[in-house]
Amino acid sequence: MKKGFVITLVLGMMLTSSVLAAGKFSLSGDDLSFDMENNIGIAKGHVVLEQDGAVAKSDYAQFNNKERTGYMKGNVVADRDGYHLTAGTMTVHDDNHMSASENVVLVRDGRTVKAALLDYYKREQKAVATNGPALLIDTDGSTVEADSISHSRISGLVTATGNVKIKSPVRKLTASADQAVYRTTGTENGNYLELTGNAVATQDGNTVRGNKLKLNNARVASAEGRVSIDFFPTEKAGEVKKS
């Protein structure tokens, strides 16, 4: 599994923090109003928010200038630095927590992430796709699907949890597990993908099962816990099992 596959996609989730971050911005719409007493601004109809090169559009927007919270809802479309986001709602919960929800689709350079909910936590530098299934799609058609997918910039880990399914047609690889962890930093042997819990990986007709499987460059590098191998040679089919 190449480096750009999962990492580029999940880093893209951070667009939610960029579009509605604190700072100067311009807001327009068919109907604008401001509640001076409660510091609440409301925009209705063809709403356009622009900030530091980011542009977000929606049917409705509401912001609390004092609490620095707000949301945009209804046909939300946001663009920044090559990222294109569509969602039903985009929300700033506080200075640390932002989210996009309702049929979220994020695209950049032909790579796509789809989820019911994307959350970003600024201080933790962590993005999470939940309310599964969350789906990551690479330019070569490879996919990762799971109930939850998260990325931490601090640890360099991408973690997929619950009903994890991985497909890579170009590598003739499929895999599944209860959890998958893709490590991108701090390893002597480079990046690797670790599957745990009911882990299964199949490539070129050969299947490896175990409690834990580690893959380097889309190949099984190690297996642990009652390992079972179904091996099919090219010339003659056969089966070898180890436990």
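Residues numbered from 1 in each chain as written. Predicted model: local features only at pLDDT ≥ 70, side-chain atom pairs only at ≥ 80, totals over all residues. Heavy atoms only, no water.

*Asks:* What am I meant to see in the overall build of the protein chain here?
*Replies:* The secondary structure content of the protein chain amounts to two helices and 18 strands. Within the protein chain, the fraction of its 243 residues that count as buried is 43%. A sequence separation of at least 24 residues applies to 33% of the contacts in the protein chain between residues at least 6 apart. When the accessible surface of the protein chain is split by element, carbon and sulfur atoms take 47% of a total near 12600 Å². (Helix = DSSP H or I, 4+ residues; strand = E, 2+ residues; numbered from the N terminus. Buried < 20%, exposed > 50% of the residue type's maximum accessible area, 1.4 Å probe, protein only. Contact = heavy atoms within 4.5 Å. Areas by Shrake-Rupley, 256 points an atom, 1.4 Å probe, with all protein chains shown as cover.)

*Asks:* Can you help me understand the packing of aromatic side chains in this one?
*Replies:* The way to describe two aromatic rings as a pair is by their centre distance and the angle between their planes. Tallied over the full model, the rule gives one aromatic pair. Each ring, one from Y60 and one from Y71, has its centre 6.0 Å from the other, and the planes form 35 degrees; the classification is tilted. Residue Y60 is found in strand β4 (residues 54-64), and its partner Y71 is found in strand β5 (residues 69-80); the two are separated by 11 residues along the sequence. Exposure remark for Y60: the relative accessible area of 18% places this residue in the buried category. (Phe/Tyr/Trp six-rings, centres within 6.5 Å; stacked < 30°, edge-to-face > 60°.)

*Asks:* I tried to follow the environment of D119 on my own but got confused; where do I start?
*Replies:* Assignment of secondary structure puts D119 in strand β8 (residues 111-121). The class for D119 is buried, based on a relative accessible area of 9%. Leaving out residues up to four positions away in the same chain, D119 has contacts with H97, M98, S99, K126, A127, V128 and T130. Side-chain polar atoms of D119 contact the side chain of H97, separated by 2.6 Å. (Polar contact = N/O pair within 3.5 Å; in protein donor to acceptor, adjacent residues only side chain to side chain.)

*Asks:* I'm lost on the pairing of strand β9 (residues 126-130) in this one. Help?
*Replies:* Looking down a regular strand, the side chains alternate between one sheet face and the other. When you tally the buried positions in β9, you get four out of five residues, the bulk of the element. Where β8 meets β9, five bridges bridge the pair, whose relative direction is antiparallel. Bridge pairing in β9 places Y121 opposite K126. Between the antiparallel neighbours β8 and β9 lie four residues, among them Q125 with a positive phi of about 50 degrees. (Pairing = 2+ DSSP bridges.)

*Asks:* Help me understand the nonpolar core, please; the structure alone is not making it clear to me.
*Replies:* Nonpolar side chains tend to gather and get buried jointly when the protein is soluble and globular. One finds M72, I149, I166 and L195 to be the most contacted residues of the largest nonpolar core, which totals 41 residues. In terms of residue count, the dominant contributor to this core is strand β14 (residues 173-183) (five residues). (Core = buried A, V, L, I, M, F, W, Y, C linked by side-chain atoms within 4.5 Å.)

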